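# Examination of the molecular architecture
Chain by chain, the residues:
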Amino acid sequence: MKRWLPSLLFAMCLLTASGMSARGETITFEDLPLASNSYWNGPDPAGVVVDGPYGPEIHGTFQSGGASFVNRYDETFASWSGFAYSNTTDTTTPGFENQFSAITGTGHGPGADNYAVAFGYMDLVANSIQPAPFDPHNVEHLMSLPYFELPLGALIEGLRITNTTYAVLSMQFGDSFSKKFGGVSGNDADFFKLTAYGTDELDQPLGTSVDFYLADFRFANNALDYIVTDWEFMDLSSLSGARRVHFNLSSSDVGTYGMNTPAYFAIDDVQFAAVPEPSSLVIALGGSLGVALLLRRRRAS
């Protein structure tokens, strides 16, 4: 009658392992303290000072939901790149002074105020400012982009994404730097595209990418042209081997100095599956073994 024990123990271990294989987690940015209608764009007080192209920069991060979001702060010009976080609500004011507002005016979901804003890109074609085109297989290029680092063992699933007010109004009406999307006739095949890449635990590129069009005017039927103004889901599950997720922007509107469209986007509700630590799995399996042994004693008696 003892032959049942290995089979029962094996089945219980499988059930325990599968039940603990992963749990869903969501980064909402609501754990970041922020006054109403304000933003944080650096610098990180624990950041590292490095030489930048225009003077010293402070390279650091901010943390939310167990993930780290890169932030680079230029002390000379009080400018930034990478990620910032915000809850500003201005959906009507055009221009650079309103660079921290999502076009939605709030975060994703009821009662959600905070969200993250990203700025930064590398041009796909060399120009007078950037002598080498962006190479997605070059780790230094990827690390220069906006990116976040997931907790160890986490598997990225996706996130919510939208445009900033600055980018939307620039594409809708044009400004001193950028064209109106579609042009005067509305027939120009313009686009504004976000592409996500991944690097693994060893800093190696995954070799895959995910595209998301923040604006697309390439349709033969102009009625189908759109600029994203809601929180939409970007599926990143094909990058599930990534420890870091990197983002680059590209646009049809380029000039002598590279991309003209404001290089901003906003994210919220970053979803990932959290795999338990090996020690937790061992404890769980040990518990299953204890239950099995207890059943054996009762059966023997």
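Residues numbered from 1 in each chain as written. Predicted model: local features only at pLDDT ≥ 70, side-chain atom pairs only at ≥ 80, totals over all residues. Heavy atoms only, no water.

## Digging into the pairing of strand E7 (residues 115–119)
- Across the 5 residues that make up E7, a large majority, 4, are buried.
- Pairing geometry for strand E6 (residues 79–86) and E7, over 5 bridges, is antiparallel. Following the sheet pairing, serine 86 is matched in E7 by tyrosine 115.
- Strand direction decides the pairing type here: E7 and strand E17 (residues 264–274), joined by 4 bridges, are antiparallel. Paired with valine 117 across the two strands is alanine 266, which belongs to E17. (Buried < 20%, exposed > 50% of the residue type's maximum accessible area, 1.4 Å probe, protein only. Helix = DSSP H or I, 4+ residues; strand = E, 2+ residues; numbered from the N terminus. Pairing = 2+ DSSP bridges.)

## Section: the packing of aromatic side chains
- Counted under the stated rule, the structure contains 24 aromatic pairs.
- Ring centres of phenylalanine 69 and phenylalanine 83 lie 5.5 Å apart, and the angle between their planes is 80°; this geometry places the pair in the edge-to-face category. Taken together, the positions of phenylalanine 69 in strand E5 (residues 67–74) and phenylalanine 83 in strand E6 put the pair 14 residues apart, joining distant regions of the chain. In this pair, the class of phenylalanine 69 matches that of phenylalanine 83, namely buried.
- On the numbers, 5.2 Å between centres and 45° between planes, the contact of phenylalanine 69 with phenylalanine 148 is tilted. Of this pair, phenylalanine 69 sits in strand E5 while phenylalanine 148 sits in strand E8 (residues 147–149); the two residues are 79 residues apart in sequence, bridging distant segments of the chain. Comparing phenylalanine 69 with phenylalanine 148, the two get one shared label, buried.
- Linked through ring pairs, Phe29, Trp40, Phe62, Phe69, Phe83, Tyr85, Phe148, Phe247 and Phe265 together constitute an aromatic cluster. (Phe/Tyr/Trp six-rings, centres within 6.5 Å; stacked < 30°, edge-to-face > 60°.)

## What about the nonpolar core?
- If you look at the biggest cluster of nonpolar residues, it comprises 46 residues, and the most contacted ones within it are Phe148 and Ile267.
- Per-element tally for this core: the top contributor is E17, with 5 residues.
- Those residues in contact with isoleucine 267, other than ones at most four positions away along the chain, are Phe29, Phe69, Phe83, Tyr115, Ala116, Phe148, Leu159, Arg160, Ile161 and Trp231.
- If you look at the next biggest cluster of nonpolar residues, it comprises 12 residues, including Ile58, Trp231, Tyr264 and Ala266. (Core = buried A, V, L, I, M, F, W, Y, C linked by side-chain atoms within 4.5 Å. Contact = heavy atoms within 4.5 Å.)

## Observations regarding the pattern of salt bridges
- With the rule as written, the count across this model stands at 9 salt bridges.
- For the salt bridge of glutamate 149 with arginine 243, the shortest nitrogen-to-oxygen distance reads 3.3 Å. Residue glutamate 149 is located in strand E8, and its partner arginine 243 is located in the loop between strand E13 (232–235) and strand E14 (244–251); the two are separated by 94 residues in the primary sequence.
- A relative accessible area of 14% places arginine 243 in the buried class. (Salt bridge = Lys/Arg side-chain N within 4 Å of Asp/Glu carboxyl O.)

These values are about where atoms sit, not about what they do.
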